[in-house]
Amino acid sequence: MKYCKVCLQPDTRPNTYFSEEGVCPACCYHKELQHVDWEERFHILEDLLEQYPRRPGQYFDCIIGVSGGKDSTRQALWARDKLGLRPLLVCLSYPPQQVTQRGVENISNLIELGFDTLVVGPEPETWRKILREGFLRFTNWARATEQAIIGSAPQAAIRYKIPLILWGENPGLQLGDMKTVGRTGYDGNNLRFMNTVSGGNLQWLFDAGFTPQNLISFRYPTTKEFDSINIQIVYLGWFWNDWSLINNGMYSVSNGLQIREESVIETGDLTRVSSLDEDWVTLNQMIKYYKFGFGRVTDHVNEAVREGLMSREHGIRLIEEYDGSCAPSYIENFCDFIGITVDEFWIHVRASVNRDLFDVRADGCIERRFKVGEGL
Ligand SMILES: [Zn+2]
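Residues numbered from 1 in each chain as written. Predicted model: local features only at pLDDT ≥ 70, side-chain atom pairs only at ≥ 80, totals over all residues. Heavy atoms only, no water.

(A) Highlighting the packing of aromatic side chains. On inspection of all chains with the given rule, the structure shows 21 aromatic pairs. Plain terms: the ring middles of Phe135 and Phe345 are 5.2 Å apart, the flat faces sit at 5° to each other, and that makes the pair stacked. One end of the pair, Phe135, is in helix α5 (residues 124–138); the other, Phe345, is in helix α16 (residues 342–351), with 210 residues separating them in the sequence. No difference in accessibility class separates Phe135 from Phe345, as the two residues are buried. Here the aromatic residues Phe135, Trp280, Phe334, Phe337, Phe345 and Trp346 are joined through ring pairs into a cluster of three or more. Of note, Arg41 hangs over the ring of Trp238, and the distance from its end group to the ring centre comes to 3.6 Å. Here Arg80 stacks its cationic end above the ring of Phe115, 4.4 Å away from the centre of that ring. (Phe/Tyr/Trp six-rings, centres within 6.5 Å; stacked < 30°, edge-to-face > 60°. Helix = DSSP H or I, 4+ residues; strand = E, 2+ residues; numbered from the N terminus. Buried < 20%, exposed > 50% of the residue type's maximum accessible area, 1.4 Å probe, protein only. Lys NZ or Arg CZ within 6 Å of the ring centre and 35° of its normal.)

Shown next as C-alpha cells:
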C-alpha cells in the first residue's frame, strides 16, 4: 500500500493508477485545473446544449438525477437559473425504513424551489431482500441499490425520450476511478463502468432467485438502449470552477438544505453534508475502510488538502482518529432491517477485512497495520 505524495489517497482504491512521480489521478487532475480557461469551457457547454434542443412534445430539456442533497440541489438550481434549462429531476427514493426525515425534507425543499420531480420508489420488500443479499454475499449492501440510483436517470431519459442527462462530477477525476473517464472531460457515458455499478451486471441477483420483474428499478440501461435515443450524460463539474464538497454544501444550505447534527465519531463525515438521506452508507464506508484502508474521512481530507484548506499532517491526524467511524445505532438499525443480529454482522465484516492491512485480534478488535500517510 502506497500513498499519493500530495494527498492521502492510497493506491488500494479500485481502478486507480498513480503517476511515475507517485501522484494520484485526482491530484494530477486538480493540478491541470489551474490552467483551465473556464470561460472557454462555458462556451463549450453552450455549444453542447444547442445540440439538444427541446423537440415538439418534449417538455423538458434534460434530466438531473437528484437525492435532494448538496450536489443535486446546486446542480438543479444552476441548470435552471444559470443555463436557462427546464430540467426534470429524477429521485430514486429509499424505502420508509431507510430514508431519514432530513432526506424527506431535503427533497421536499428541492421540489418547493420550483422543480418538476419524478420520484421512483422501488417495492420495499424486494429492496430489503436485495440489501440483505448484497451484504451477506459481498459485505456491501449497496451493490445493487447504487446501480438503481445511478440507473434511474437514464431509465427516465429513455421512458420520456429526453436524451440529455446532467450529472455532477466525474468520479474518475474526483476520486480516481479511471474507468469512468470518457471521450472528453465532460462525457459521462462511461459511468456504467464505475466500480460500484459493475457494468450493469445483475447476474448474482438472478442466481439468488430474483426475477426480471423484481429488478426493473435496478437495471442500468444497455448501450443499445442509450443509443436508441442518443443519450448523452454530461458531467457538469467539468464546466464549473468551484465545484467542491464544501462549496456545494454552503450554496445548498443557503437554499434550504438541512445538514447532519451528529458528530464525526458517529458518521465518519467531516463535513456534515454527506449522505443526508439515510444512515447506512456510513456503515458501508466503515466496511470500505476495512477492505481497502480508506473511508469517507480520507476522501474528505484529500479534497481539502488539494484545495489547500488543510495540511497533509493535519489530514493524517484526522484519518487516524476518525476514518472508519460508525455509530453502533446505525449498525443495529441496519441489522434489524435485513434480519440479522449484530454479532452476525460483525462475523461478516471481520471475514472481509483485508488481512494485509489490518489485524483481527482474538477479541474481535480490528487494528490497523499500516501507517496513515506512509503505507505498508
Ligand atoms: Zn493525491
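(B) Structural view of the coordination of the zinc ion. For the zinc ion, the protein coordination sphere consists of Cys4 (SG), Cys7 (SG), Cys24 (SG) and Cys27 (SG), at 2.2 to 2.3 Å. With four donor atoms in place around the zinc ion and angles of 102 to 115° between them, the coordination shape is tetrahedral. Donor residues for the zinc ion, ordered by position in the chain, follow C-x2-C-x16-C-x2-C. On the basis of relative accessibility, which here comes to 0%, the residue Cys7 falls in the buried class. (Donors = N, O, S within 2.8 Å, 3.2 Å for Na, K, Ca; no water. Tetrahedral: all angles 85-135°; square planar, octahedral: opposite > 155°, others 65-115°.)

(C) Molecular detail of the pattern of salt bridges. Per the stated rule, a full pass over the model turns up 16 salt bridges. Ionic pairing is found between Lys70 and Asp71, a salt bridge with its closest N-O pair at 3.6 Å. Judged by its relative accessible area of 26%, Asp71 is partly exposed. Arg369 is the salt-bridge partner of Asp359, the closest N and O atoms lying 3.9 Å from each other. Note that Asp359 is positioned in strand β6 (residues 358–360) and Arg369 in the segment after β7 (366–368), a separation of ten residues in sequence. Here Arg369 falls in the partly exposed class, since its relative accessible area comes to 43%. (Salt bridge = Lys/Arg side-chain N within 4 Å of Asp/Glu carboxyl O.)

(D) The arrangement of the domain arrangement of the chain in detail. The domains assigned to the chain are domain 1 (25–34 + 260–368) and domain 2 (38–239). In this complex, domain 1 contributes 29 residues to the contact, which on the side of domain 2 involves 30 residues. Of the roughly 2,600 Å² buried between domain 1 and domain 2 on both sides combined, carbon and sulfur atoms contribute 61%. Sorting the residues of domain 1 by area buried against domain 2 places Tyr29, Asp277 and Phe337 first, and these three jointly supply 27% of that buried surface. The tally of links between domain 1 and domain 2 comes to one salt bridge. Salt-bridge contacts for Arg102 lead to Glu262; the nearest nitrogen and oxygen are separated by 3.5 Å. For the interface between domain 1 and domain 2, the tally reads twelve residue pairs in polar contact (both at pLDDT 80 or more). Breaking the side of domain 1 that touches domain 2 down by element, the ones donating at least two residues are α1 (25–33), α12 (280–292), α13 (296–306), α15 (328–338) and α16. (Domains from an automatic or database assignment. Contact = heavy atoms within 4.5 Å. Buried area = accessible area lost by both parts, 1.4 Å probe. Polar contact = N/O pair within 3.5 Å; in protein donor to acceptor, adjacent residues only side chain to side chain.)

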